[in-house]
Amino acid sequence: MAVLLETSKGDMVVDLFVEDCPITTKNFLKLCAVKYYNNCLFHNVQRNFIAQTGDPTSTGKGGTSIYGLMYGDQARFFEDEKRPNLKHRMRGVVGMASPLPNANASQFYITTGESLDSLDNKHTIFGQVTEGLDVLEAINEAYVDEAGRPYQNIRIRHTIVLDDPFDTPPELEALIPPASPEPQFGEGDRLEEDWVPIEDTRPAEEIEEETRKADAHNRAVVLEMIGDLPEADAKPPTSVLFVCKLNPVTSEEDLEIIFSRFGRVVDCAIIRDFKTGDSLCYAFIGFDNDKSCEEAYFKMNNVLIDDRRIKVDFSQSVAHLWKQFKKGGRKGNADMQAAAEGHERDPNAMKERSAGGGRLEMKGAAASRSYGLAASLPAPSSSRGVRDGGPYRKRQEHTLLLEDDLVGERRQGHEEMQVR
């Protein structure tokens, strides 16, 4: 004696223990015959435990037995048929879901785990799933909410009685429908089994670009949460270069003169140790426009400065943004970025600083072109002084060599750089 359950996840065959539980199996067979289970939801799915269904109201509180349908509400429930030889040892055990002893109606469960001893001798076991265990596993793996209700509805779509040893009483014949009920689809907050994701017809390149942008934004949000970014939408200035692998003797004035050939330098800062004041061999150089910054990037990468081949890249630092946010408060916004991008040193302060430590200037018509330039600069008079707020070491000779892609253009002579 068996029943075929057609669900939205596939078909399962349930063999019934007619000899051990005649009342319960008759109830189940006749409910299947009158199509009582059609469109019933699996309203309670607990992974590796049970999958519960059989309630037309999908609340876990409804349902009636076949005896209640034939004889009225006084016969809604029937007694238990517990057997000591029937245990919840394996997956696919079918039992009656009754809230109280002798309160069986229409709801039943199917076990999705093994050795569920806690259910033994508490519920009536009346069947075993013999085919379609893969379907049962698909139901077991469904995503559910806190109450065990699947986010995508799983329904019993149809029931077919394969073998019924019990006679059909006259009261039951009037309940058997001429045809199976039409499939029902809920209008609540759950997806139905026929739902499929909308196919994305965009080009793969566009999808990949959007995915990368979303990933980058998510990482920025994390950096904002841990305090590494002032806000997720903050971006580093586009007119600032990062220069590394500098010689420790290279100063800010040297870098200004070298990089000023590409445009007006508005900010130049060598990062120094906060205790000793020694150069950490990397710097940030800001221009007044993006074009000059890009030109300097392409021309100055791998150039020799003070016998060191430097590396140049676009800056990814938001230090200037942090300064603006600190001035405007921690809850500042990205509008402050414009102010940060326009950061410039006070021209008067630059003149004062230059007057104190000497200013380097190229003479002659070649002052605007320094291709292939080699110059020697005398050392300062003192062995250790302060320039740009940081100390520098005494040096006997400062050698500057610029190399770029204009190799074909040869200079006949070298212009002198003098300290004025």
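What counts and how
- Residues numbered from 1 in each chain as written.
- Predicted model: local features only at pLDDT ≥ 70, side-chain atom pairs only at ≥ 80, totals over all residues.
- Heavy atoms only, no water.
- Helix = DSSP H or I, 4+ residues; strand = E, 2+ residues; numbered from the N terminus.
- Contact = heavy atoms within 4.5 Å.
- Phe/Tyr/Trp six-rings, centres within 6.5 Å; stacked < 30°, edge-to-face > 60°.
- Buried < 20%, exposed > 50% of the residue type's maximum accessible area, 1.4 Å probe, protein only.
- Salt bridge = Lys/Arg side-chain N within 4 Å of Asp/Glu carboxyl O.
- Pairing = 2+ DSSP bridges.
- Axes fitted to C-alpha atoms, helices over the stretch in contact; angles between N-to-C directions.
- Core = buried A, V, L, I, M, F, W, Y, C linked by side-chain atoms within 4.5 Å.
- Polar contact = N/O pair within 3.5 Å; in protein donor to acceptor, adjacent residues only side chain to side chain.
- pLDDT = per-residue confidence, 0-100.
- Arc of directions from axis to C-beta.
- Disulfide = S-S within 2.5 Å.

Some thoughts on the overall build of the chain
Within the chain, the regular secondary structure consists of ten helices and 21 strands. Sequence separation of at least 24 residues holds for 69% of the intrachain contacts in the chain that already meet a minimum separation of 6.

A closer look at the packing of aromatic side chains
Using the criterion set out here, one finds eleven aromatic pairs in the structure. Considering the side-chain rings of tyrosine 37 and phenylalanine 108, the 5.2 Å spacing of their centres and the 80° angle between planes classify their relative orientation as edge-to-face. Of this pair, tyrosine 37 sits in the loop between helix H1 (22–33) and strand S3 (40–41) while phenylalanine 108 sits in strand S7 (residues 108–111); the two residues are 71 residues apart in sequence, bridging distant segments of the chain. Tyrosine 37 sits in the buried class, given a relative accessible area of 1%. Aromatic pair tyrosine 282 and phenylalanine 284: ring centres 6.2 Å apart, planes at 85°, arrangement edge-to-face.

A few points about the pattern of salt bridges
Summed over the entire model, instances satisfying the criterion amount to nine salt bridges. For glutamate 210, the salt bridge is made with arginine 202, and the minimal N-O distance between the two is 2.1 Å. What makes arginine 202 partly exposed here is its relative accessible area of 29%.

Notes on the sheet that holds strand S11 (residues 265–272)
Working definition: the strands of a sheet are paired by backbone hydrogen bonds and lie parallel or antiparallel to each other. Pairing within the open sheet is antiparallel, and its four strands lie in the order S11-S12-S10-S15. Here the strands that pair on one side only, and so sit at the sheet edges, are S11 and strand S15 (311–314). Direction aside, the axes of adjacent strands within the sheet are offset by 20° on average. By the bridge criterion, five bridges tie strand S10 (residues 240–244) to strand S12 (residues 279–287) in an arrangement that is antiparallel. Its bridge partner being in S12, phenylalanine 242 is matched across the sheet by phenylalanine 284. Along the sheet, helix H6 (residues 252–259) contacts S10, S11 and S12; its crossing angle with S11, the most-contacted strand, is approximately 140°. Most of the contacts of helix H7 (residues 290–300) go to S15, to which it runs at about 150°, and overall it touches S10, S12 and S15.

Remarks on the sheet that holds S7
Pairing within the open sheet is antiparallel, and its nine strands lie in the order S3-S9-S1-S2-S8-S6-S7-S5-S4. The open sheet has two free edges, formed respectively by S3 and strand S4 (44–46), since each of these has just one partner strand. Direction of pairing for strand S5 (residues 50–53) relative to S7: antiparallel, over a ladder of four bridges. Bridge pairing in S7 links isoleucine 50 to threonine 111. Strands in contact with helix H3 (residues 133–140) are strand S1 (2–7), strand S2 (10–16), S4, S5, S7 and strand S8 (125–131); relative to S2, the strand with the most contacts, it is inclined by about 115°.

Some words on the environment of glutamate 193
By secondary structure assignment, the location of glutamate 193 is in the loop between helix H4 (170–173) and helix H5 (204–226). For glutamate 193, the residues in contact, after removing those within four places along its chain, are Ser8, Gln152, Asn153, Arg155, Arg157 and Phe185.

Thoughts on the nonpolar core
Leu16, Phe28, Tyr37, Phe108, Phe126 and Ile139 are the most contacted members of the largest nonpolar core, which has 39 residues in total. It is H1 that contributes the most residues to this core, four residues altogether. When neighbours within four sequence positions are excluded, leucine 16 is seen to be in contact with Met1, Val3, Thr25, Phe28, Leu29, Phe126 and Gly127. If you look at the next biggest cluster of nonpolar residues, it comprises 20 residues, including Leu246, Ile258, Ala283 and Cys293.

Description of the side chain of asparagine 38
Take asparagine 38: it is sitting in the loop between H1 and S3. At 3.4 Å, the side chain of asparagine 38 and the backbone oxygen of arginine 157 are in polar contact. Filtering out sequence-adjacent residues up to four positions away, asparagine 38 remains in contact with Ile156, Arg157, His158, Thr159, Ser180 and Pro181.

Concerning the confidence of the model for the chain
Keep in mind that low pLDDT regions are not for reading the predicted coordinates in detail. Counting all residues, the mean pLDDT for the chain is 79, and 75% of those residues have values of 70 or more. Counting interchain partners and residues more than four positions distant, the pLDDT-below-50 stretch residues 349–420 has 111 contacts.

Describing H3
Given 3.6 residues per helical turn, the α-helix brings residues three or four places apart onto the same face. Within H3, the full set of buried residues consists of Val135, Leu136, Ile139 and Asn140. The arc that holds the buried residues of H3, viewed along the axis, is 145°, so those residues lie on one side. On its buried face, H3 sits against S1, S2, S4, S5 and S7.

Topic: the environment of serine 98
Position of serine 98 among the secondary structure elements: in the loop between strand S6 (93–96) and S7. The exposure class of serine 98 is buried, given its relative accessible area of 9%. Sequence separation of serine 98 and tyrosine 109 is eleven residues, and the distance between their C-alpha atoms is 9.8 Å. In contact with serine 98, not counting residues within four places along its chain, are Asp80, Ala103, Asn104 and His123.

Thoughts on the state of the cysteines
This structure, assessed with the given rule, holds zero disulfides. The thiol sulfur of cysteine 40 is not disulfide-bonded, and the nearest other cysteine sulfur, from cysteine 32, lies at 10.0 Å. Unpaired in terms of disulfides, cysteine 281 finds its nearest cysteine sulfur in cysteine 244, a separation of 9.7 Å.

Observations regarding the pairing of S11
Here is the key point about a regular strand: its side chains alternate between the two faces of the sheet. When you tally the buried positions in S11, you get six out of eight residues, the bulk of the element. The pairing of S11 with S12 spans six bridges and is antiparallel. Its bridge partner being in S12, isoleucine 270 is matched across the sheet by alanine 283. Counting the residues in the hairpin turn of S11 and S12 gives six residues, including glycine 277, whose phi is positive at 80°.

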